[in-house]
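As a plain string of letters, each chain reads:
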Amino acid sequence: MESWGWWLIAAGALVVGELFMGDFVLLMLAAGAAAAGLAGVLGGHIGIQVIVFAVVSTLALFFVRPWIKNRFYRSSHQVKIGVSTILGSEAVVMERVDAENGQVNLSGELWRARPHDASRAYEPGDRVRVIEVDGATLKVGKD
């Protein structure tokens, strides 16, 4: 088999490996192997093919891979999970909120609440913001 055929087999194997890895490194090496195979088809000897593989793989790793990762993972950095999803949210006071007790409705769920500033109190119907979460109790306040 010609050397270009081995490059194309290697490129295919690297693409399959990328399916299991998902970090785009093997995909960049596959691009280099495919380019080396193309160089072989066009008549380049093995030395040229190796140089094409090295250059294309290196350029792909340093320029294409970061761009692809940014495109794929851009929105995942903006995803909020846990407590951060409710901090700053608006809630409606359902039962007077003071230093001793209180209850608010946050997105259709009832939560135990206390004022962030213990000297304050909020009456039913008041709109408050979640400032802190302390276990299952929301610390709320007005803007």
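Above this text you will find the structure in question.
Below is a short write-up of the structure.

Rules behind the numbers
- Residues numbered from 1 in each chain as written.
- Predicted model: local features only at pLDDT ≥ 70, side-chain atom pairs only at ≥ 80, totals over all residues.
- Heavy atoms only, no water.
- Helix = DSSP H or I, 4+ residues; strand = E, 2+ residues; numbered from the N terminus.
- Buried < 20%, exposed > 50% of the residue type's maximum accessible area, 1.4 Å probe, protein only.
- Salt bridge = Lys/Arg side-chain N within 4 Å of Asp/Glu carboxyl O.

One non-glycine residue with positive phi stands out, namely Phe24, at about 70°. Mapping Phe24 onto the fold places it in the loop between helix H1 (3–21) and helix H2 (25–41). By relative accessible area, which is 11% here, Phe24 ends up buried. Located in the positive-phi region is Ser107, a residue other than glycine, with phi close to 55°. Within the secondary structure, Ser107 sits in the loop between strand S2 (103–106) and strand S3 (109–115). Given a relative accessible area of 73%, Ser107 falls into the exposed group.

Here the focus is the pattern of salt bridges. Under the defined criterion, the tally for this structure stands at five salt bridges. The partner of Glu90 in a salt bridge is Arg127, and the shortest N-O contact between them spans 3.2 Å. In this pair, Glu90 sits in strand S1 (residues 90–95) while Arg127 sits in strand S4 (residues 127–134), placing the two residues 37 residues apart along the sequence. For Glu90, a relative accessible area of 39% gives the class partly exposed. Of the charged contacts, one joins Arg96 and Asp98 as a salt bridge, the two residues approaching to 3.4 Å between their closest N and O atoms. By relative accessible area, which is 36% here, Arg96 ends up partly exposed. The network of salt bridges with shared partners includes Asp23, Arg65 and Lys69.

Any link to function would need more than the numbers given here.
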